[in-house]
Amino acid sequence: MSTPAPDEKDTPPGRGLLDQARVSYETHVRTCARCARDDQVCRAAELLKRTYDNFRRTARRSRGAEFRTLPENHQSDR
């Protein structure tokens, strides 16, 4: 087994996937000829965006579960 890179040690699980999905989407939209030509995102960009949104939604839900398990955190303050 390999050890994680120094910058990956502090990254919570899943955060790397979220960042990677965002970068993949942004890079595609910047470099795709079809996205640039039509001034709309192509099908591949839509799928990359959907993947990013799904990761982001999952991360938000997992953070919400953490907040609900902490007794000192009162969500009624929001």
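Above this text you will find the structure in question.
Keep in mind that this is a model prediction, so the values were computed, not measured.

A. Seen up close, the overall build of the protein chain. Looking only at helices and strands, the protein chain features four helices and zero strands. Burial status across the protein chain gives 14% buried among its 78 residues. Pairs at least 24 residues apart make up 27% of the contacts formed inside the protein chain by residues separated by at least 6 positions. With the model as given, the accessible surface of the protein chain reaches about 6,600 Å², and the carbon-plus-sulfur share is 51%.

B. Geometry of the pattern of salt bridges. With the rule as written, the count across this model stands at four salt bridges. Residue Glu 46 is joined to Arg 43 by a salt bridge in which the shortest nitrogen-to-oxygen separation is 3.2 Å. With Glu 46 and Arg 43 both in helix α4 (residues 43-69), this residue pair falls three residues apart, about one helical turn. According to the relative accessible area criterion, Glu 46 is partly exposed, its value standing at 37%. Each of the salt bridges in this network shares a partner with another, and the network as a whole consists of Lys 49, Asp 53 and Arg 56.

C. Spotlight on the packing of aromatic side chains. Tallied over the full model, the rule gives zero aromatic pairs. Lying across the ring of Tyr 25, Lys 49 places its NZ or CZ 5.6 Å from the centre.

D. Examining the environment of Tyr 52 more closely. Looking at where Tyr 52 falls in the secondary structure, it is placed in helix α4. When its relative accessible area of 14% is taken as the criterion, Tyr 52 is described as buried. The sequence separation of Tyr 52 and Val 23 amounts to 29 residues, and the corresponding C-alpha distance is 9.1 Å. Apart from residues lying up to four places away in sequence, Tyr 52 is in contact with Leu 18, Ala 21 and Arg 22.

Conventions we followed
- Residues numbered from 1 in each chain as written.
- Predicted model: local features only at pLDDT ≥ 70, side-chain atom pairs only at ≥ 80, totals over all residues.
- Heavy atoms only, no water.
- Helix = DSSP H or I, 4+ residues; strand = E, 2+ residues; numbered from the N terminus.
- Buried < 20%, exposed > 50% of the residue type's maximum accessible area, 1.4 Å probe, protein only.
- Contact = heavy atoms within 4.5 Å.
- Areas by Shrake-Rupley, 256 points an atom, 1.4 Å probe, with all protein chains shown as cover.
- Salt bridge = Lys/Arg side-chain N within 4 Å of Asp/Glu carboxyl O.
- Phe/Tyr/Trp six-rings, centres within 6.5 Å; stacked < 30°, edge-to-face > 60°.
- Lys NZ or Arg CZ within 6 Å of the ring centre and 35° of its normal.

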